[in-house]
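A look at the structure
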Amino acid sequence: MYVEVVFPLPFEKAFTYSVPDELVDKAEAGKRVSAPFGKRVITGFITNALPEPAFLSAEKIKPIRDIIDDIPLISSKEIEFYKWLADYYICSLGEAMRLASPPGTEVQSDKKISADPEFCKELLAKESKSHSARIAVLEVLASRENVTLNQLKKLTGKKSLNSVLESLEQQGAILVRDEVRGASVKDKKARFIKLAKPVQEIYDVLPQIESKSEAQLEVLLRLLKRPDREQQAADVIKDAGVNESVLQALVKKGLITTLTKKIERFHTDSYREEITVFELSQAQKLAIDEVRKSIDPFTFKPYLLHGITGSGKTQVYIELIKQTLELGKSAMILVPEISLTPQMTGRLMNNFGRDVTVFHSRVSAGERYDSWNRLLRGESRIAVGARSALFAPLQDLGLIVVDEEHDQSYKQDDLVPKYNARDCAVMKAKMHNIPVVLGSATPSVESMYNAKNGKYTLLSLPERIDNARLPLVTLVNIVSERDEKKMESSFSKKLLDKIAQRLTKKEGVIILQNRRGFATQLYCFDCGELEMCANCSVSMVYHINTDTLKCHYCGDTRKAPKQCSKCGSHSIKFFGTGTERVEDELQYHFPTAVISRIDSDSIQKKGMLPKTFAEFNAGEIDILVGTQLVSKGLDFPRVTLVGVIAAETSLWMPDFRSDERTFQLLTQVSGRAGRRQEPGEVVIQTQNDKSFVLQKVIHGDYYGFYEKEIYDRQTRNYPPFSRMCMIEIKHSNPQIAGKAINDLYKTLISFNAGVKISPPSSAVIFKLRGECRYQIMLRSNRNFDPSGSILRKLVRDSLSHAAKHNLVSNVRVLVDPDPQSIL
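What counts and how
- Residues numbered from 1 in each chain as written.
- Predicted model: local features only at pLDDT ≥ 70, side-chain atom pairs only at ≥ 80, totals over all residues.
- Heavy atoms only, no water.
- Helix = DSSP H or I, 4+ residues; strand = E, 2+ residues; numbered from the N terminus.
- Rg over C-alpha atoms; globule rule 2.2 N^0.38 Å.
- Contact = heavy atoms within 4.5 Å.
- Areas by Shrake-Rupley, 256 points an atom, 1.4 Å probe, with all protein chains shown as cover.
- Pairing = 2+ DSSP bridges.
- 1 Å grid on protein atoms, 1.4 Å probe; cavity = no way out; pocket = protein on both sides within 12 Å on 5 of 7 lines; lining within 4 Å.
- Points joined across faces, edges and corners; volume = space filled by probe spheres on them.
- Nonpolar A, V, L, I, M, F, W, Y, C, P; charged D, E, K, R; others polar.
- Axes fitted to C-alpha atoms, helices over the stretch in contact; angles between N-to-C directions.
- Parallel < 35°, antiparallel > 145°, perpendicular 65-115°, else oblique.

Here we come to the overall build of the protein. Counting secondary structure elements, the protein contains 26 helices and 36 strands. Its C-alpha atoms give the protein a radius of gyration of 30 Å, within 12% of the compact-globule value 28 Å for 823 residues. Dimensions along the principal axes, computed over C-alpha positions, put the protein at roughly 85 × 80 × 65 Å. For the protein, restricting intrachain contacts to residue pairs at least 6 apart in sequence, the fraction spanning at least 24 positions comes to 76%. Working note: accessible area of the protein is about 37400 Å², and carbon and sulfur atoms make up 49% of it.

Following this line, the structure appears as structure tokens:
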């Protein structure tokens, strides 16, 4: 038997392997295998089983090492989905299918290099070429006895080191060996104890045990409380205050037995909500009835649920999930941020209990592994989480919900493939022939355009539930306020007065500042030096709690200087306002208030986010300060005031979506106020209160904003009227990156057939994590290229040609179809 295997590597083709006789019964498409690839062992996916190899002779075919899965992670229908994903997002099938693999379960090998540092120093002294790969390797090995090949490549900045390592090994300077590393995440097992004799016999020996060992008696009494159940040994030892020897003594006496069992890891949040019985509004009923037509019987249909903030979209989702489960199917709910997961999970748990499984970056690897297996076995039927939940192995999928569908967090920006989970969800629903619901108070321009043109069915929730009213939104011009001496550092007196009123009434306050840290810049007045990151073209951000400067892109951290690092002057000053400064100023103005901050710095510890939300919801926290994490989808009835420190944070970004992002962010955060009977109010501080975007925000005029934005997009041929793809080339050397981008540009021009190709340009943030970045933007008009296939073919053909002729061999090439940001 033979199988075709794809690997998470940038190779288009599948590779043929033979299957050892003992594994033939287990081999089927969708399962993972560990297999030799070159001089390594890595994990890949079986895509096809073959009775005979298609091209190679059987003698030349290597066998797979092992089959990792008992059940296929990917069904045959899902394999077609991953083929589409690979084609659309211009990556290999193996790179796409890797998304379905639970983190930490891969098997792979790595080369370990053991060096003789003294000998390497001698060889280094004899070298004459100052920039050779051999010298770079010797410089590392002269100071390190052990290093992996991947580490060596990073330290030297060289991709190909095989010939250098072979030469050094022949000279006796190093020893190279392969080590296969198994899965880092496995089933969790624990030791359990139980009574080894009938209950009456245990009672008969208790007097004898009591006279000799109170500790043994304590253990037996605990087991007698639940004689028919095993108890975890570690828990008994801890609760009874005994040690291991006590258990061993009882085992020797034949009174208890031990056994090892697998234990399930469940992710739980500290955030809880009381179960509430809702009376559906008429608009909610109409929306549910409309989607129900595609649930019974199941039919593919995309719906755009446009509901204003507080209109009850989550309850619509819950009612639709109930109907889906009743028909024996499962459901998937995507949320854009982990900040939304505790509330969404809490409400789903209230309705569906352990049928709910959670996926996001704060879930531990072990919890995720067990969650993955519960879904695979059909023991859980609801998956909720951020974009990675799209690839959860739900059985018999019947409904997909994408909450806050407009959010750019659905776009994968860091890894290949650079997919958009919202768009992938629509395609997944189409392949499963089921409905998909995209919900938002501020739908993306593209989704509303699809609804207006009949591609999606538009559903509306135009009013808040419980007769709640939309908040009153006020703009405060901080330029004129400052001129009139009405500013207190970052706060206008008007906003401070509003906060004071709410604190007096014990009502909740949310303050938005979409910048982390204390100050965003450290500047020298004497020489004009700005403290910049050594690895990125951005200024370092000052964090007051640790007295450090930190780059929010690469993570580089250093102690904050007391004087200018260039001229030595003490005339240095902090500029810009982050969440730490806002928190600090609020504490100064309101010393008795309990203030908490939510941003990616403050919620690193597991469980901190749901804990903070629970305390704020219970009134234990008065003011919540945060970045955009506090702006989306959260429902806190006690919040009656929202303050925005700076409306221009995203408005001035050099991106064609900046107006849309600003409108969405401010509308969403405004919607956190006044969600029940108490009226809400929003104060937005701005430097331009005449801004079109801000005027639409204060009037809650989504459609007015949409009409202008869609006109501007059509005039300038931006999405949804065009397909876009950005190609980025990176290298630590700007000359090498610049040459590669120019060579690729010439190749694109030579292959072009109707696609607009912008000349190469440096990225807005030119240097990032030590690499210089150049970009080419491609656009094809939808009338000419409706599906984007012409654009994708141009990119694939050009990259294939460039790779064949070694035009991009020394650089990193990233392809981003439908980019959400051009920074």
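Turning next to unusual backbone geometry. Asp 296 connects to Pro 297 through a cis peptide bond whose omega is 0°. Residue Val 416 is joined to Pro 417 through a cis peptide bond whose omega torsion reads 0°. The topology assignment puts Pro 417 in the loop between β16 (397–403) and α15 (421–432). One non-glycine residue, Lys 485, lies in positive phi territory at about 60°. On the secondary structure map, Lys 485 appears in the loop between α17 (478–483) and β20 (487–488). Phi at Asn 717 is positive, roughly 60°, even though this residue is not glycine. Tracing the backbone shows Asn 717 in the loop between α24 (702–716) and β32 (722–731).

Within the secondary structure layout, Phe 298 lies in the loop between α11 (282–292) and β12 (301–307). Separated by 484 residues in the primary sequence, Phe 298 and Arg 782 place their C-alpha atoms 31 Å from one another. Residue contacts for Phe 298: discarding those within four places in its chain leaves Thr 324, Leu 327, Lys 329, Gly 398, Asn 433, Ile 434 and Pro 435.

Moving on: the sheet that holds strand β1 (residues 2–6). Spatially, five strands are ordered β2-β1-β4-β3-β5 in an open sheet, and the strand pairing comes out antiparallel. The two strands at the open ends of the sheet, each matched to only one other strand, are β2 (15–18) and β5 (66–67).

Of the volumes computed, that of the second largest pocket is approximately 800 Å³. Lining the second largest pocket are 36 residues, and of these Tyr 88, Asn 450, Lys 455, Arg 723 and Arg 782 lie nearest its centre. Of all the elements in the fold, those that place two or more residues in the lining of the second largest pocket are α1 (76–88), α15, α16 (445–452) and β32. The biggest single contributor to the lining of the second largest pocket is α15, with five residues. Looking at the lining of the second largest pocket residue by residue, the classes come out as 14 nonpolar, eleven polar and eleven charged.

Once that is clear, we can look at the packing of α16 against α24. Look at α16 against α24: their axes get within 11 Å of each other, and the N-to-C directions meet at 95°. Between α16 and α24, the angle falls in the class roughly perpendicular. Here Val 445, Glu 446, Met 448, Tyr 449 and Lys 452 of α16 come into contact with α24, specifically with Tyr 702, Tyr 703, Tyr 706, Glu 707, Glu 709, Ile 710 and Arg 713. Its residues assigned to classes, the contact of α16 with α24 comprises seven nonpolar, no polar and five charged.

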